[in-house]
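Spelled out, the chains give:
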Amino acid sequence: MNLLFRVFLKPLLATVAIEAAGAFCLGVRAARDLALVALINLITNPLINLAALLLRQSGFLYAEAVIYLLLEPLVVLVEYLFYRAHLESGIRPFRLALLLNAFSAIGGLLWGMLF
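Our subject in this report is the structure included herewith.

Criteria and thresholds
Residues numbered from 1 in each chain as written. Predicted model: local features only at pLDDT ≥ 70, side-chain atom pairs only at ≥ 80, totals over all residues. Heavy atoms only, no water. Helix = DSSP H or I, 4+ residues; strand = E, 2+ residues; numbered from the N terminus. Rg over C-alpha atoms; globule rule 2.2 N^0.38 Å. Buried < 20%, exposed > 50% of the residue type's maximum accessible area, 1.4 Å probe, protein only. Contact = heavy atoms within 4.5 Å. Phe/Tyr/Trp six-rings, centres within 6.5 Å; stacked < 30°, edge-to-face > 60°. Lys NZ or Arg CZ within 6 Å of the ring centre and 35° of its normal. Expected span 1.5 Å × (residues − 1). Bend = angle between axes of the 7 residues up to and from the residue. Salt bridge = Lys/Arg side-chain N within 4 Å of Asp/Glu carboxyl O.

Turning next to the overall build of the protein chain. Secondary structure summary: the protein chain contains four helices and zero strands in total. Moving toward the C terminus, one meets the helices and strands of the protein chain in the order α-α-α-α. A compact globule built from 115 residues should have a C-alpha radius of gyration of about 13 Å, and the protein chain, at 14 Å, falls within 12% of that. Going through the 115 residues of the protein chain one by one, you find that 32% of them count as buried. Of the contacts made within the protein chain by residues no fewer than 6 positions apart, 66% connect residues no fewer than 24 positions apart.

Right, dumping it as structure tokens:
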């Protein structure tokens, strides 16, 4: 249970909170669009955390590089496509996906350094 909380649930809750707040700050006001931000993170966040866990535990020398240079951009692309198809706010979907993921990545790094 501790691994489940530490690896999946805690990062998911933090990501949803950071990205929903970030979306609101960027002008997303419709409840449907804010729910969309949460929903897409319910899909992408556990997947990237599982991939990161497997890469780190495999002992792969360049795990962090793969996570930040390959997997994170892939998440931005997937979220962009999802936002482009479903977002009703007048926010540009790529800008939204890129900024929200930057917010949550920076927030996660800061959280890791502080706690």
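So that's the structure; there's more coming.
Here we take up the packing of aromatic side chains. In total, this model carries two aromatic pairs according to the counting rule given. A ring pair is formed by Phe 60 and Tyr 62, whose centres lie 6.1 Å apart and whose planes are at 75°; its orientation type is edge-to-face. Taking the relative accessible area as the measure of exposure, Phe 60 reaches 39% and is therefore partly exposed. Ring geometry for Tyr 80 against Phe 94: centres 5.6 Å apart, planes inclined by 80°, an arrangement best described as edge-to-face. Taken as a pair, Tyr 80 in helix H3 (residues 63-86) and Phe 94 in helix H4 (residues 93-114) lie far apart in primary sequence, 14 residues in all. Using a relative accessible area of 43% as the deciding quantity, one classes Phe 94 as partly exposed. Across from the ring centre of Phe 24, 3.9 Å away, lies the NZ or CZ of Arg 29, which sits over that ring.

Side chains of residues three or four places apart in an α-helix project in the same direction, reflecting 3.6 residues per turn. Its 24 residues place the ends of helix H1 (residues 2-25) 33 Å apart at the C-alpha level, agreeing with the 34 Å of an ideal helix rising 1.5 Å per residue. Of all the bends in H1, the greatest, near 35°, is centred on Leu 9, and the proline Pro 11 appears no more than four residues after it. Where H1 is buried, its residues contact helix H2 (31-58), H3 and H4. Directly beyond the C-terminal end of H1, a positive phi value near 110° is found at Gly 27.

What follows covers the environment of Leu 3. For Leu 3, the location among the structural elements is in helix H1. What makes Leu 3 partly exposed here is its relative accessible area of 42%. Each C-alpha atom of the pair Leu 3 and Leu 87 lies 34 Å from the other, and the pair is 84 residues apart in sequence.

In total, this model carries three salt bridges according to the counting rule given. In this structure, Glu 88 and Arg 32 form a salt bridge, with 3.6 Å as the shortest nitrogen-oxygen distance. Taken together, the positions of Glu 88 in the loop between H3 and H4 and Arg 32 in helix H2 put the pair 56 residues apart, joining distant regions of the chain. A relative accessible area of 59% places Glu 88 in the exposed class. Here Arg 56 and Glu 64 are joined by a salt bridge, their closest N and O atoms 2.6 Å apart. Classification of Arg 56 as partly exposed rests on a relative accessible area of 45%. Through salt bridges with shared partners, one network takes in Arg 32, Asp 33 and Glu 88.

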